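Tertiary structure, described
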Amino acid sequence: MIAAETSGPARPPMTGKLARAATGALVFVLLAIAWEAVSRAGVFPPKLFPGLGTVAATLLRLGADGTLLVAAGATLFRLFFGFLIAAVVGVVVGILMGRHAWFEDTLLPIVSFLYPIPGLAYAPLFVLWFGLGDVPTILLVGVASSFTVIINSWKGVKSVKVIWIRSAQSMGANDRAMFIKVILPAALPYVLTGLRLGLAQAWRILVAVEMLMSVTHGLGWLIFGSQQFLNTDVMLSSIVVIGIVGMLLESQLFERLERATVVRWGMMSA
């Protein structure tokens with residue numbers, strides 16, 4: 001009887017995961033069928049709208065000769081350092097804004113003004129200030145994606161319930177213990193959400209910026225170069241790699257981090 005009660009609730013989550021996976025796979029299958037139908041119907045020239053077989057062959061060829069590997073490695077290198085800047089600056093500034101009214105009153109108007117501006121709008125300025133290449137690309141990605149992290153970290157600190165703070169104070173907690181044991185864990189779901197959205201934003205901005213900054217390698221550089229020679233199959237292969245890398249970053253980094261922290265602590269459902 002105990003075994004039946006223990007094992008019963010474990011089935012719905014697995015069933016739900018399988019259902020979501022099946023739904024996601026079905027969507028991709030339907031899109032593939034629609035794409036192939038348009039390609040075979042000749043609505044567009046084959047050079048501009050290649051079939052899935054051509055795209056798959058190009059993807060395998062570029063993967064085998066190392067072209068996609070070099071391009072993806074260069075893009076991930078810039079993403080790592082750009083997002084590192086956004087994560088450090090965003091979390092620190094957001095927490096300071098949430099903890100201290102002076103920082104909030106001073107920085108919130110600036111952040112609110114800069115946040116809605118598309119990251120690509122800063123690209124010409126960064127080219128004038130820092131030239132072309134990796135340095136302005138990394139800095140632009142870091143600056144443009146930091147505002148999402150700042151706002152979510154700030155909201156996370158502001159969302160901490162007053163009763164939790166007063167309870168910790170009544171038990172003699174100092175400022176350091178208050179921050180480490182109460183404020184930071186309570187704000188962590190917001191911080192992780194900000195980091196996840198910031199990484200997605202950094203990934204999108206980076207691929208676009210690589211087309212403008214005259215970098216030597218990268219997925220955006222590969223797409224831009226393919227456009228000039230009408231190599232649509234190369235462009236689509238690069239887009240497939242961008243989507244796969246984005247999904248892997250989402251599932252392998254933040255989902256694992258959330259399961260190890262806020263989900264394990266019962267602050268967020270799996």
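Remember, it's a predicted structure, so these values are computed and weren't measured experimentally. (Residues numbered from 1 in each chain as written. Predicted model: local features only at pLDDT ≥ 70, side-chain atom pairs only at ≥ 80, totals over all residues. Heavy atoms only, no water.)

**Brief notes about the pattern of salt bridges**
The following threshold applies: Just to be clear on terms, a salt bridge is a Lys or Arg side-chain nitrogen sitting within 4 Å of an Asp or Glu carboxyl oxygen. Strands here are runs of E lasting at least two residues and helices are runs of H or I lasting at least four, both read from the DSSP assignment and numbered beginning at the N terminus. When accessible area is computed with a 1.4 Å probe and restricted to protein chains, residues below 20% of their type maximum are described as buried, those above 50% as exposed, and intermediate ones as partly exposed.
Under the definition given, this model contains four salt bridges. Residues Arg 40 and Glu 36 are paired through a salt bridge, measuring 3.1 Å at the closest nitrogen-oxygen approach. One end of the pair, Arg 40, and the other, Glu 36, are both in helix 2 (residues 11–41), four residues apart, so they sit about a helical turn from each other. Taking relative accessible area as the criterion, Arg 40 reaches 69% and is therefore assigned exposed. Residues Glu 104 and Lys 158 are paired through a salt bridge, measuring 3.3 Å at the closest nitrogen-oxygen approach. On the criterion of sequence distance, the pair formed by Glu 104 in helix 5 (residues 101–114) and Lys 158 in helix 7 (residues 134–158) is long-range, its members being 54 residues apart. The class of Glu 104 is buried, set by a relative accessible area of 16%. For Lys 158, a relative accessible area of 45% puts it in the partly exposed group.

**Observations regarding the confidence of the model for the chain**
Put simply, the rule is: The pLDDT value tells you how sure the predictor is about a given residue, anywhere from 0 up to 100. The contact criterion used throughout is that any non-hydrogen atoms of two residues lie within 4.5 Å.
Chain-level statistics for the chain give a pLDDT mean of 83 and a share of 90% at 70 or above. Within the chain, helix 4 (residues 67–99) carries the highest mean pLDDT (93), whereas helix 1 (residues 2–7) carries the lowest (38). Here residues 1–11 is modelled with pLDDT under 50, and outside its nearest four sequence neighbours on either side it reaches zero contacts, counting other chains as well.

**A closer look at the nonpolar core**
Heads up, the rule is: The term nonpolar core refers to a set of buried residues drawn from Ala, Val, Leu, Ile, Met, Phe, Trp, Tyr and Cys, joined through side-chain atoms within 4.5 Å.
With 51 residues, the main nonpolar core has Leu 140, Leu 195, Met 213 and Leu 219 as its most contacted residues. Only helix 4, helix 6 (123–130), helix 7, helix 9 (175–209), helix 10 (219–228) and helix 11 (232–260) provide two or more residues apiece to this core.

**Some thoughts on a nonpolar patch on the surface**
Defined as follows: Within the patch definition used here, like charges are joined within 9 Å and nonpolar side chains (Val, Leu, Ile, Met, Phe, Trp, Tyr) within 5 Å, considering only residues with over 30% relative accessible area and no salt bridge. The Shrake-Rupley method, run with a 1.4 Å probe sphere, supplies the accessible areas, and residue values consider only the shown protein chains as cover.
On the surface, a nonpolar cluster with roughly 680 Å² of combined accessible area is contributed by Phe 77, Phe 80, Phe 81, Leu 84, Ile 85, Val 88, Val 89 and Val 92. Within the secondary structure layout, Val 92 lies in helix 4.

**Description of unusual backbone geometry**
The phi angle at Leu 230 is positive, at roughly 55°, despite the residue not being glycine. Note that Leu 230 resides in the loop between helix 10 and helix 11. Look at Leu 230 and you get partly exposed, because its relative accessible area is 45%.

**Some details on the packing of helix 5 against helix 7**
Filter applied, for reference: Note on geometry: axes are lines fitted to C-alpha atoms, helical ones only across the stretch in contact, with angles between N-to-C directions running from 0 to 180 degrees. The scheme is simple: roughly parallel for angles under 35 degrees, roughly antiparallel for over 145, roughly perpendicular for 65 to 115, oblique for anything else. Helix crossings are classified by the rotation of the near helix relative to the far one: an anticlockwise turn of less than a right angle makes the crossing left-handed, while a clockwise turn makes it right-handed. Gly is put with the polar residues, along with every residue not named as nonpolar or charged; the nonpolar set is Ala, Val, Leu, Ile, Met, Phe, Trp, Tyr, Cys and Pro, and the charged set is Asp, Glu, Lys and Arg.
It is at 10 Å that the axes of helix 5 and helix 7 come closest, and there the two elements cross at 140°. Judged by the angle between their axes, helix 5 and helix 7 are oblique. In the packing of helix 5 onto helix 7, the handedness of the crossing is left-handed. Contacts between helix 5 and helix 7 involve Glu 104, Leu 108, Val 111 and Leu 114 from the former and Phe 147, Ile 150, Ile 151, Trp 154 and Lys 158 from the latter. Grouping the amino acids of the contact of helix 5 with helix 7 by side-chain chemistry returns seven nonpolar, no polar and two charged.

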